[in-house]
Amino acid sequence: MEQKYTNQKNDSVCGMNLEGLDDIPETVHNGNQFFFCGNFCKKRFESNPEKFQGTPLIALREVRKSFIVGNVETKVLRGLNLNIWEGDFVAIVGSSGSGKSTALNMIGLLDRPTSGSILLNGEDVSVLGDDVRAGFRSHTFGFIFQQYNLIPWLTAYENVTLPLIFSNKTADSGTLEARFHDFGLAARLAHRPFELSGGEQQRTALLRALANDPEIILGDEPTGNLDSVTGNKILEILINLNKIQKKTLIIVTHDDDIAEKADQVIIFKDGQLERNHEVQRKIYTE
Ligand SMILES: Nc1ncnc2c1ncn2[C@@H]1O[C@H](COP(=O)(O)OP(=O)(O)OP(=O)(O)O)[C@@H](O)[C@H]1O
Ligand SMILES: [Mg+2]
């Protein structure tokens, strides 16, 4: 059978540009050739090839981001290429200042790249107008941050209903109260953030992130401010959202135990991805 080369070295399964690199694992599936940055990606692909056909949910193509402060230009992202596939739990790790939050904000349409493209289901969302991007942001993404970012003068309940108000939706109080109950916050609806513990604030922030039933959940060190027991509870909720409700979960973390649980670990270094981002993973290693 004639082979169709649909997948190029500049568009590997994980999105990395592999042109000019040595030792590129490859495989043929249904007559198409696929390239991988390493054996981890190859084994992941081979465990479920159908998942990696078609268009990635999120794709970053040659994304660059520089910040200029005074006369100093900081090049944070230097041509980032990355694919995130629907339903994955992706952990982004890397040293402080390596650009993890910058990339996450870009993925969640909170910021725009200096150059390059960000594709959502194949559509370049980096060039869309602010209003369209705001619509995507509120319907597609749910954010949680290390500092919770709750509005201090609103109650927990009001904080959670905020995204619904912005989307002109009516809050169904019965459903919302049931959700507070599920998250162990039944008695906290009328509390303001300063009257809540860190874990309670983060669970409230999580309820707010889920208010619009987003397809993709983005967390920037969501357990970074919590003790390990409370952090593990939040993580368990997030992982259940990924495993049971099939939400795509992208978490920036410094915690190896979190990265260990992810389907894919992305390591940032010098504004690029490290090629062998399979480190710390046991399942697919030999
Ligand atoms: N708005 C901004 N203006 C100027 N410089 C910025 C801005 N945002 C980020 N930077 C710079 O970009 C670099 C990357 O920042 P970023 O917050 O993405 O790092 P990070 O990997 O998330 O680090 P950490 O693990 O400490 O949170 C840093 O050197 C930071 O100073
Ligand atoms: Mg950060």
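A short tour of the structure in this document, coming up. (Residues numbered from 1 in each chain as written. Chains lettered and ligands numbered in written order. Predicted model: local features only at pLDDT ≥ 70, side-chain atom pairs only at ≥ 80, totals over all residues.)

1. Remarks on the pairing of strand E9 (residues 216-220)
Thought 1: Among the five residues in E9, four count as buried, and that is most of the element.
Thought 2: Note that strand E8 (residues 141-145) and E9 share five bridges and pair parallel. Note that in E9 the partner of Phe143 across the bridge is Leu218.
Thought 3: What joins E9 to strand E10 (residues 248-252) is helix H7 (residues 228-243), and the crossover it makes is right-handed. (Buried ≥ 20, exposed ≤ 12 C-beta atoms within 10 Å, placed from the backbone. Helix = DSSP H or I, 4+ residues; strand = E, 2+ residues; numbered from the N terminus. Pairing = 2+ DSSP bridges. Right-handed = clockwise from strand over helix to strand, strands pointing away.)

2. A short note on the site of ligand 1
Thought 1: Close to ligand 1 lie Phe67, Val69, Thr74, Val76, Gly94, Ser96, Gly97, Ser98, Gly99, Lys100, Ser101 and Thr102, which account for all nearby residues.
Thought 2: Listed by contribution, the elements that provide at least two residues to the shell around ligand 1 are strand E3 (58-69), strand E4 (72-84) and helix H2 (100-107).
Thought 3: At three residues, H2 tops the list of elements feeding residues into the shell around ligand 1.
Thought 4: Of the residues belonging to the shell around ligand 1, the class tally is three nonpolar, eight polar and one charged. (Near = placed C-beta within 6 Å. Nonpolar A, V, L, I, M, F, W, Y, C, P; charged D, E, K, R; others polar.)

3. A look at the sheet that holds strand E11 (residues 264-269)
Thought 1: Here we have six strands laid out as an open sheet, ordered E8-E9-E10-E5-E11-E12, and mixed in their pairing. The strands lining the two open edges of the sheet, one partner per strand, are E8 and strand E12 (272-273).
Thought 2: In terms of strand pairing, E9 meets E10 through five bridges, oriented parallel. By the bridge assignment, Gly219 is partnered in E10 with Ile251.
Thought 3: Relative to the sheet, helix H6 (residues 198-210) contacts E8 and E9, its axis offset from that of E8 by approximately 165°. (Contact = placed C-beta atoms within 7 Å. Axes fitted to C-alpha atoms, helices over the stretch in contact; angles between N-to-C directions.)

4. A closer look at the nonpolar core
Thought 1: Core analysis: the largest hydrophobic core is formed by 66 residues, its most contacted members being Val90, Ala91, Ile92, Ile107, Ile250 and Ile266.
Thought 2: Filtering out sequence-adjacent residues up to four positions away, Ile92 remains in contact with Lys100, Ala103, Leu104, Ile250, Ile251, Val252, Ile266 and Phe268. (Core = buried A, V, L, I, M, F, W, Y, C linked by C-beta atoms within 7 Å.)

Functional significance is not addressed by these values, which are geometric in nature.
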